[in-house]
Amino acid sequence: MQLLVIMQQRDVDPGVRASAAQAIELRKDPSLDPVLERAAASDPDPAVRAAAAEAHRKLYPWRKRPGTAAGLSLLCPGCGQIYLGKRAEGVAQLGATAALLASTVLLLRGQELALDGTAGSRRVPLGILTASAGQNLWFYSIFDAYRDARIARGDYGYRHPMTRENLGDLASAPFRPGVLASPWVWAGVPLAVGAGLLASYLAAPEEFRGTSITEADKVNVLGRRFSRLGGFGAGEAYFGALFAPVGVGEEALFRGVIQTEMEERFGTYGGLAVASVIFGAVHLLNFTDDPASAAIAVPVISVLGAGLGIAYQRTGYRLETSVAMHFWYDFLLSTAAFAIDPEHQPFVVQYARVIR
């Protein structure tokens, strides 16, 4: 209270008022920031105005809570950035996400959505791509707002420092040699893919009895029939486009925000456990019409999520390794499924089917 009185008394020595401005900033109390704003705008002494402006610049981020920033972006992609004063970045995130999701609606309108090769139009697999990109850009927006709010506060009061990785860092992570050289990637991913294949076989053994890629004369990709080699390459390109956003978006949200915040609340191992359970539970949405498969798949996904979370912890709370692991797990598991049964993949289009 005494500092506030000093700042507002014009008959107090300017040097004392300037020192009071600096002391207010050091208290990290955002409720005091309006006094600094007023002093920066109207104090008669230029040195006091400069000191108040600098103190306001440093204290202003404390008015912006990381949880609020993330919550706003959860409700509206980019809105957390707008809340943080980064209007151009927030509007860009909002516009790009809205465009991708609107494209998804237009592509899938009137279509029967299925992932087992029953699409009757190219619009369905293309809509799946735009849906993946839009959803995961939204996820990244939540992380981006949370991270920027944490960094603006200098990670003050948090147990672990927040990663400074941006979208470009994360998008390139699965393909950078330095990341791929990590044992978490080259050893962990094959183990995870093996576990995923075993879970898939236990959940639906009949899907492993189709015509394999080595027995197929032609491969259907987006309604066009390719040679075996050409079709395999086209299918792999589709999976790359599908899973690149997934690796970035899901890791940014589940490890970068949820696990990070849960560890602050429940400790290193408690936070890891809670975040892994949440990660598995969210994937129940993939099995809404198949409870038997969900009973097998969801626990496996939770364990895989825990593996990604441990990699995140052991690599200094940077996301690049877990992003690479997530991408290559999804890509290689889908590649194996493609090789086992190329006729029932999300990019297969059978124009003879009637879509109702």
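As the structure is a prediction and not an experimental result, all values here were calculated from the model.

(A) Examining helix H8 (residues 123–152) more closely. End to end, H8 covers 43 Å across 30 residues, agreeing with the expected 44 Å (1.5 Å per residue, within 8%). Burial analysis of H8 places 22 of its 30 residues in the buried class, the great majority of the element.

(B) Representation of the nonpolar core. Counting residues in hydrophobic clusters, the biggest one holds 23 residues, and the most contacted among them are Tyr 140, Phe 143, Leu 170, Leu 253, Ile 258, Leu 319 and Val 323. Looking at this core, the elements with two or more residues in it are H8, helix H13 (228–282) and helix H14 (291–314). The element that contributes the greatest number of residues to this core is H13, accounting for 9 residues. Contact partners of Leu 319, with chain neighbours within four places excluded, come to Phe 143, Thr 163, Glu 165, Leu 170, Glu 251, Ala 252, Arg 255, Gly 256 and Tyr 312. Formed by 19 residues, the second largest nonpolar core is a distinct cluster that contains Ala 119, Ile 128, Ile 213 and Val 219.

(C) Quick look at the packing of aromatic side chains. By the definition in use, this model includes 16 aromatic pairs. Taking the centre distance of 5.9 Å and the plane angle of 15° together, the rings of Phe 239 and Phe 243 count as stacked. Separated by 4 residues within a single helix, Phe 239 and Phe 243 lie in helix H13, roughly one turn from each other. For the pair Phe 239 and Phe 243, one class covers both residues: buried. Members of the aromatic cluster, joined through ring pairs, are Phe 232, Tyr 238, Phe 239, Phe 243, Phe 338 and Phe 347. Cation over ring: Arg 150 sits above Tyr 158, and NZ or CZ is 3.6 Å from the ring centre. The ring of Phe 279 carries Arg 255 above its face, with NZ or CZ at 4.5 Å from the centroid.

(D) View of the confidence of the model for the chain. Looking at the chain as a whole, its pLDDT mean stands at 88, while 94% of the residues score no less than 70. Contacts for the low-pLDDT stretch residues 352–356, under 50 throughout, to residues beyond four places or in other chains number 8 contacts.

(E) Broad picture of the pairing of strand S1 (residues 218–221). Bridge count between S1 and strand S2 (residues 224–227): 4 bridges; the pairing is antiparallel. Residue pairing for S2: Asn 220 is matched across the bridge by Arg 225. What sits between the antiparallel neighbours S1 and S2 is a turn of 2 residues, in which Leu 222 has the positive phi angle 55°.

(F) The state of the cysteines, seen in detail. Tallied over the entire structure, the rule returns 1 disulfide. A sulfur-sulfur separation of 2.3 Å characterises the disulfide bridge that pairs Cys 76 with Cys 79. Classification of the bridge connecting Cys 76 and Cys 79 rests on its S-S torsion, roughly 45°, and on that basis the disulfide is right-handed.

(G) Highlighting a nonpolar patch on the surface. On the surface, Leu 198, Tyr 201 and Leu 202 cluster together to form a nonpolar patch covering roughly 310 Å² of accessible area. Here Leu 202 falls in the exposed class, since its relative accessible area comes to 52%.

(H) The arrangement of a negative patch on the surface in detail. A surface patch of negative charge is lined by Glu 206, Glu 207, Asp 289 and Asp 290. Tracing the chain through its elements places Asp 289 in the loop between H13 and H14.

(I) A look at empty space enclosed by the protein. A full pass over the atoms with the stated rule returns 1 cavity of 30 Å³ or more. The space that makes up the largest cavity amounts to roughly 30 Å³. Lining the largest cavity, in full, are His 160, Pro 161, Thr 260, Glu 263, Tyr 312 and Tyr 317. Residues of the lining of the largest cavity, tallied by class, amount to 3 nonpolar, 2 polar and 1 charged.

Rules behind the numbers
Residues numbered from 1 in each chain as written. Predicted model: local features only at pLDDT ≥ 70, side-chain atom pairs only at ≥ 80, totals over all residues. Heavy atoms only, no water. Helix = DSSP H or I, 4+ residues; strand = E, 2+ residues; numbered from the N terminus. Expected span 1.5 Å × (residues − 1). Buried < 20%, exposed > 50% of the residue type's maximum accessible area, 1.4 Å probe, protein only. Core = buried A, V, L, I, M, F, W, Y, C linked by side-chain atoms within 4.5 Å. Contact = heavy atoms within 4.5 Å. Phe/Tyr/Trp six-rings, centres within 6.5 Å; stacked < 30°, edge-to-face > 60°. Lys NZ or Arg CZ within 6 Å of the ring centre and 35° of its normal. pLDDT = per-residue confidence, 0-100. Pairing = 2+ DSSP bridges. Disulfide = S-S within 2.5 Å. Patch = residues over 30% accessible without salt bridge, like charges linked within 9 Å, V, L, I, M, F, W, Y side chains within 5 Å. Areas by Shrake-Rupley, 256 points an atom, 1.4 Å probe, with all protein chains shown as cover. Salt bridge = Lys/Arg side-chain N within 4 Å of Asp/Glu carboxyl O. Lys, Arg positive; Asp, Glu negative; His and termini not counted. Charge placed at Lys NZ, Arg CZ, Asp CG, Glu CD. 1 Å grid on protein atoms, 1.4 Å probe; cavity = no way out; pocket = protein on both sides within 12 Å on 5 of 7 lines; lining within 4 Å. Points joined across faces, edges and corners; volume = space filled by probe spheres on them. Nonpolar A, V, L, I, M, F, W, Y, C, P; charged D, E, K, R; others polar.

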